[in-house]
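# Summary of the model geometry
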Amino acid sequence: MQSFNFFKKILVFVFLSFFTVNINAQENLIYHNIKAENGHIIPWYDDDPGNSFNHVINLVWNFWDTMRRDLNGLPYYMNRQVWNPYFNDPRGIGGDQFAMALSSWRLLYGYSGNENVKENMKFIAEYYLTHGLSAETASWPDIPYPYNTFVYSGNYDGDMILGKGFTQPDKAGSFGIELLRLYKMNCNERYPNITDKMYLHAAVNIANTLAKHIKDGDNDNSPLPFKVNAITGEVGVLKSYGQNGKIEGLSSYTTNWSGLLELFLELQQLNEGNTQLYKSSFEKIIKWMKRFPMQSNKWGPFFEDVSGWSDTQINAITFAQFIMNHREYFPGWKMDVKKIFDWVYQKLANKQWEKYGVTVVNEQTVYLTPGNSHTSRQASAQLQYGLLSGDTTYYTNSVRQLIWATYMVDNDGKNRYPNDENWLTDGYGDYVRHYLRSMAASPELAPDEDHLISTTSVVQQVIYKGQFYKIYYLPQKDTNNILLQYRVYDNDGEETVRLSKEPSAVLFNGEPAKGGGESYKWKTLSNGGVLNIKRKKTNKVTILQ
């Protein structure tokens, strides 16, 4: 009997010990245990969101920058869409992989001043331009293919599902606008380079091809198709799921036209290319967007690896951001944007982490999996809406969404979906930009450091204190009192700069600028503050400590 009672005590002890350990154990979210305060999720790295976001951005960039070379000598991300540390994933690139990277790195360069970021952009753009465009004789000439059907070939020549010769016009538009901004980023009078004009020339060619094929569109056909054979002009088919899926119709519909719309607008502003054609093409797409998807919330497909129909968050929220960036075309923009937000939460809200005070966002209607890129995109758009409208309804969840998405990043910079893989699209190009845009909308979310966090132009060069020695024509001895110095493309515009302390002066082209809100204004935060700059007839700014 005694031995039996002793055995029972041992069992009770083991049970209670196990129960206690599990009660006290923290829930794991991919790479980190979830930290909470008053039941609400907080960052895993640092309690201050700005420091945590900054840390994660740097981890992600470093992982990309130091990624291993593939067997054909190219960086792994030039060949593949999914990272695997043990073997080479068999899939080629993601459809918008390079445009997304250029989009994020452009913002990251201004934020960091890291010249390697700019050089990475040039490498990606120049390699893609020389290895990925349709022939001049094609029905759809001079536009990029979104996939490398032979992964090790080093060439991009088709579509992941439909195969060789097929392309995605919306991805061409996204790449075109990034080429145009890369042109603006690199062209300057001191060091003219023929390559810069090549970026512009390629962007014009893409705009010309797409503009010439634009139609009016209807409920089932967008002004340009989602997939088309660049060589023959044949619109691609829409297959059902599975390797041998049946044909469901044509791939004739998507709403991912924000990049192309921006390209048409900026080429008109530069007076480059066929500006009258761009103007009429822009008007056709805007008219169609207002009449159909903005009424029906039929946002359609985006992803290269999805064969059937799906409505995607990226299409919806990217267009909401376009609306906010061009409110002059949308008199009821507040309601237009909120309607899109409402659709996302009705169709794609994920409440798995609601106990931590955060609702995150699923990727698309046929794949109801929460995404790091999609949730952070949602947050950045909501924060921009709050800045423009004064409505702070979304603020708390937005910050927690950004915090939640940092848990996807490992200590070495790997960035993974909660229930999926390490995508080199969603974890990198379609990730970093959402944090930088969030900081631009809400500077209190930037770290208490010196960072250029937004501009209405394109940053050509930015040098932070401690970086001047890297620029041979700016000796360190002449820059001891400079916090940062930058040059942008346009002579008129505005910037927002997060600083650790109030500057002593601001110089425009080396001459003192007028404070008090006329040329610049300082706002104190709990740590450091924000400097808002308004430039007229100058593109060179120096901020003194």
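Structure shown above.
Every chain is numbered on its own, with residues counted from 1 as its sequence reads. Under the rules for a predicted model, residues below a pLDDT of 70 receive no local features and side-chain atom pairs below 80 are neither given nor counted, while totals for whole chains, interfaces and linings still include all residues. To get the side-chain values, take all heavy atoms of the structure and skip hydrogens and water.

On to the packing of helix α4 (residues 115–131) against helix α5 (residues 169–186). Where α4 meets α5, the closest approach of the two axes is 11 Å, and the angle between their N-to-C directions is 130°. Between α4 and α5, the interaxial angle falls into the category oblique. For the pair α4 and α5, the sense of crossing is left-handed. Across from Lys-118, Met-121, Lys-122, Ala-125, Tyr-128 and Leu-129 in α4, the residues of α5 making contact are Phe-175, Leu-179, Leu-182, Met-185 and Asn-186. Considering only residue class, the contact of α4 with α5 consists of 8 nonpolar, 1 polar and 2 charged. Between N-to-C directions, angles span 0 to 180 degrees; the directions come from axes that are lines fitted to C-alpha atoms, helices contributing only their stretch in contact. Labels follow the DSSP assignment, with helices taken as runs of H or I lasting at least four residues and strands as runs of E lasting at least two, numbered in each case from the N terminus. Angles below 35 degrees are treated as roughly parallel, those above 145 as roughly antiparallel, those between 65 and 115 as roughly perpendicular, and all remaining angles as oblique. Here a crossing is called left-handed whenever its near helix is offset anticlockwise from the far helix by less than a right angle, and right-handed whenever the offset is clockwise. Throughout, a contact is declared for two residues whenever any of their heavy atoms are within 4.5 Å. Amino acids are sorted into nonpolar (Ala, Val, Leu, Ile, Met, Phe, Trp, Tyr, Cys and Pro), charged (Asp, Glu, Lys and Arg) and polar (every other residue, Gly among them).

This part is about the sheet that holds strand β23 (residues 529–535). DSSP-based pairing: two strands are paired if at least 2 bridges between them are found. With respect to topology, 4 strands assemble into an open sheet ordered β16-β19-β23-β22, the strand pairing being antiparallel. Two strands lie at the open edges of the sheet, namely β16 (451–455) and β22 (520–524), each paired on one side alone. The sheet shows a mean angle of 20° between the axes of neighbouring strands, taken without regard to direction. Both β22 and β23 contribute to a ladder of 5 bridges, which runs antiparallel. If you follow Tyr-520 over to β23, its bridge partner there is Ile-533.

Relative to strand β14 (residues 367–370), strand β13 (residues 360–364) runs antiparallel, the two being bridged by 2 bridges. The residue bridging Asn-362 from the neighbouring strand is Pro-370, located in β14. Hairpin connection, β13 to β14: the antiparallel pair is bridged by 2 residues.

What follows concerns empty space enclosed by the protein. Throughout, the protein atoms alone are placed on a 1 Å grid, and a set of points is a cavity if a 1.4 Å probe fits but cannot get out or a pocket if it is open with protein on both sides within 12 Å along at least five of seven lines; lining residues have an atom within 4 Å of a point. Grid points are joined across faces, edges and corners, and a volume is the space filled by probe spheres set on the points. Applying the stated rule across the entire model yields 2 cavities of 30 Å³ or more. Of the pockets and cavities examined, the largest cavity occupies roughly 70 Å³. Mapped onto the lining of the largest cavity, the elements with two or more residues apiece are α3 (97–112) and α5. For the lining of the largest cavity, the leading source of residues is α3, giving 3 residues.

Salt bridges are counted wherever a side-chain nitrogen of Lys or Arg sits within 4 Å of a carboxyl oxygen of Asp or Glu. By the definition in use, this model includes 22 salt bridges. Across the pair Asp-89 and Arg-91 runs a salt bridge, and its minimum N-O distance is 2.8 Å. Between buried and exposed lies partly exposed: a residue is buried under 20% and exposed over 50% of the maximum accessible area for its type, with that area taken using a 1.4 Å probe on protein chains only. Given the relative accessible area of 4%, Asp-89 is considered buried. Lys-171 is the salt-bridge partner of Asp-170, the closest N and O atoms lying 2.8 Å from each other. Of the two residues examined, Asp-170 and Lys-171, each falls in the buried class. Look at the salt bridges and you will find they share partners, linking Arg-181, Lys-184, Glu-262 and Glu-266 into a network.

Bringing the sheet that holds strand β12 (residues 349–350) into the picture now. The 3 strands lie next to each other as β12-β13-β14, forming an open sheet whose pairing is antiparallel. At either margin of the open sheet sits one strand with a lone partner, and together these are β12 and β14. Of the strands in this sheet, β13 and β14 touch helix α12 (residues 372–389), which is tilted by about 120° from β13.

Further remarks concern a positive patch on the surface. Taken together, the side chains of Lys-521, Lys-523, Lys-534 and Lys-536 define a basic patch exposed on the protein surface. Within the secondary structure, Lys-534 is located in strand β23. For Lys-534, a relative accessible area of 44% gives the class partly exposed. Surface patches are defined over residues having more than 30% relative accessible area and no salt bridge, joining like charges when they lie within 9 Å and nonpolar side chains (Val, Leu, Ile, Met, Phe, Trp, Tyr) when within 5 Å. Reported accessibility uses the Shrake-Rupley method at a 1.4 Å probe radius. Residues are deemed covered only where the shown protein chains occlude them. Within this scheme the basic residues Lys and Arg register as positive and the acidic residues Asp and Glu register as negative, but His and the chain ends are omitted. Working definition for charges: the position is that of NZ of Lys, CZ of Arg, CG of Asp or CD of Glu.

Okay, α4 next. Expected span, for any helix, means 1.5 Å times one less than how many residues it has. Between its first and last C-alpha atoms α4 spans 24 Å; for 17 residues at 1.5 Å apiece the expected length is 24 Å, and the two agree. All buried positions along α4 are accounted for by Val-117, Lys-118, Asn-120, Met-121, Ile-124, Ala-125, Tyr-127, Tyr-128 and Leu-129. For this analysis, a polar contact is any N or O atom pair within 3.5 Å, provided that within protein one partner can donate a hydrogen and the other can accept it, and provided that sequence-adjacent residues contribute only side-chain to side-chain pairs. For α4, the capping residue at the N-terminal end is Asn-114, with a side-chain oxygen 2.9 Å from the backbone nitrogen of Asn-116.

Our focus in this paragraph is the pairing of strand β18 (residues 482–488). β18 sits mainly inside the fold: 6 of its 7 residues count as buried. Two strands pair when backbone bridges link them, and strand β17 (residues 459–464) and β18 are joined in this way by 5 bridges, in the antiparallel orientation. Each residue of the ladder has a partner; that of Tyr-464, found in β18, is Leu-484. Of the strand pairs in this sheet, β18 and strand β24 (residues 540–544) are connected by 5 bridges, and their pairing is antiparallel. When the sheet's bridge partners are listed, Leu-484 is paired in β24 with Ile-543.

None of the figures reported here should be taken as evidence of function without further support.
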